[in-house]
Amino acid sequence: MADSLFIVMVGAPGAGKGTQADLISARLGLPKIASGDLFRDNLQRQTELGQLAKAYMDRGELVPDGVTVRMVAERLSRPDCTQGAVLDGFPRNIAQAQALEAILQERGEAVRLVPYIRVSEAELLDRLSGRWMCRAAQHAYHERHNPPKVPGVCDLDGSPLYQRDDDRPETVRRRIQVYLEQTAPLLDYYRQRGLLVEINGEQPIEKVYSEIVGYLAGYRHDLSEVAGRTRADA
Ligand code: AP5
Ligand code: MG
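Residues numbered from 1 in each chain as written. Chains lettered and ligands numbered in written order. Predicted model: local features only at pLDDT ≥ 70, side-chain atom pairs only at ≥ 80, totals over all residues. Heavy atoms only, no water.

Topic: the side chain of Glu109
Piece 1. Within the fold, Glu109 resides in the loop between helix 5 (94-106) and strand 4 (111-118).
Piece 2. You can call Glu109 buried: its relative accessible area is 9%.
Piece 3. Within the structure, Glu109 has its side chain in polar contact with the side chain of Arg107 (distance 2.8 Å). (Helix = DSSP H or I, 4+ residues; strand = E, 2+ residues; numbered from the N terminus. Buried < 20%, exposed > 50% of the residue type's maximum accessible area, 1.4 Å probe, protein only. Polar contact = N/O pair within 3.5 Å; in protein donor to acceptor, adjacent residues only side chain to side chain.)

Here it is, written out as structure tokens:
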């Protein structure tokens, strides 16, 4: 319990939350819980929740808090989350942050670290327009910054790559606006609780990762050596 590690990745659409969450989750052996991935998975399976979420996602709006919180709470209740989890895209407003706090509190747990990946708006547009995702596990690639070894195929699981419907420029602009209005207030929320660490997201993926690992080493001693090594390599 006291050793559990719940991490909340925060950043604008395209900042690199999913990319870093995959790396951290693999390194720590904790599940990644990405609300957007859960909605897309529901959509692929043509569930009622998937249909409902699609209407909001296509417009770049947030899916209502009630269904979103229920979906994440259910995921967090599974046995693989007893040691913690890397949350990506949730919470996305103050109400969701309070809901998460209540869910964890009931288990005697709490959010331990909130890495905020800061990236300029021009860079976000470039990243999302060149992004390709894998069908099987939603690993993210970029045609220039992070290309797959074989074009159109995921390095990790061999599944085909596709471009997300909500990565069209007009939807991306709305997603960024929604982020600024509804999600950015979370930065102060977590800063006031002493949990926020700010990371310059306009560095290579490995450098962003090593900075996050540096912060995590304070919680997991087995990471100190990795953090030291990655800092020395930088
Ligand atoms: P979601 O899927 O969460 O999307 P998002 O927050 O808009 O973020 P993205 O996934 O687009 O970006 P990312 O930060 O993960 O970047 P990535 O690592 O892929 O949400 C989608 C929709 O679902 C929402 O609009 C909403 O409708 C709904 N939803 C989800 N959660 C919700 C919630 N909690 N409440 C209500 N509604 C919710 O990287 C982007 C690209 O950049 C990739 O190509 C990558 O290869 C590249 N890249 C990454 N890092 C670097 C780097 N350091 N340098 C260069 N390139 C990089
Ligand atoms: Mg993502």
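Continuing now.
Points about the site of ligand 1
Piece 1. Close contacts around ligand 1 come from 36 residues, with Thr19, Glu61, Arg92, Arg131 and Arg175 the closest.
Piece 2. One of the backbone N or O atoms of Val63 is found 3.0 Å from a nitrogen atom in ligand 1.
Piece 3. In the model, an oxygen atom of ligand 1 is placed 3.5 Å from a nitrogen or oxygen of the His142 main chain.
Piece 4. The fraction of the free accessible surface of ligand 1 (1000 Å²) that becomes covered by protein chains is 96%.
Piece 5. Every element with two or more residues in the shell around ligand 1 is listed here: helix 1 (17-28), helix 2 (35-44), helix 6 (121-129) and strand 6 (140-142).
Piece 6. Classifying every residue of the shell around ligand 1 gives 13 nonpolar, 14 polar and nine charged. (Near = heavy atom within 4 Å. Areas by Shrake-Rupley, 256 points an atom, 1.4 Å probe, with all protein chains shown as cover. Nonpolar A, V, L, I, M, F, W, Y, C, P; charged D, E, K, R; others polar.)

Regarding the pattern of salt bridges
Piece 1. Summed over the entire model, instances satisfying the criterion amount to 23 salt bridges.
Piece 2. Between Arg40 and Asp37 there is a salt bridge, with the nearest N and O atoms lying 2.8 Å from each other. Within this pair, Arg40 and its partner Asp37 are both found in helix 2, separated by three residues, close to a single helical turn.
Piece 3. By relative accessible area, Arg40 is classed as buried at 12%.
Piece 4. Relative accessible area serves as the criterion here: at 13%, Asp37 is assigned to the buried category.
Piece 5. A salt bridge links Arg131 to Asp167, with the nearest nitrogen and oxygen atoms 3.0 Å apart. Linking Arg131 in strand 5 (residues 131-134) with Asp167 in the loop between strand 7 (161-162) and helix 7 (169-183), this pair joins segments that are 36 residues apart in sequence.
Piece 6. Here Arg131 falls in the buried class, since its relative accessible area comes to 13%.
Piece 7. Within the structure, one salt-bridge network assembled from shared partners comprises Arg131, Arg164, Asp166, Asp167 and Arg175. (Salt bridge = Lys/Arg side-chain N within 4 Å of Asp/Glu carboxyl O.)

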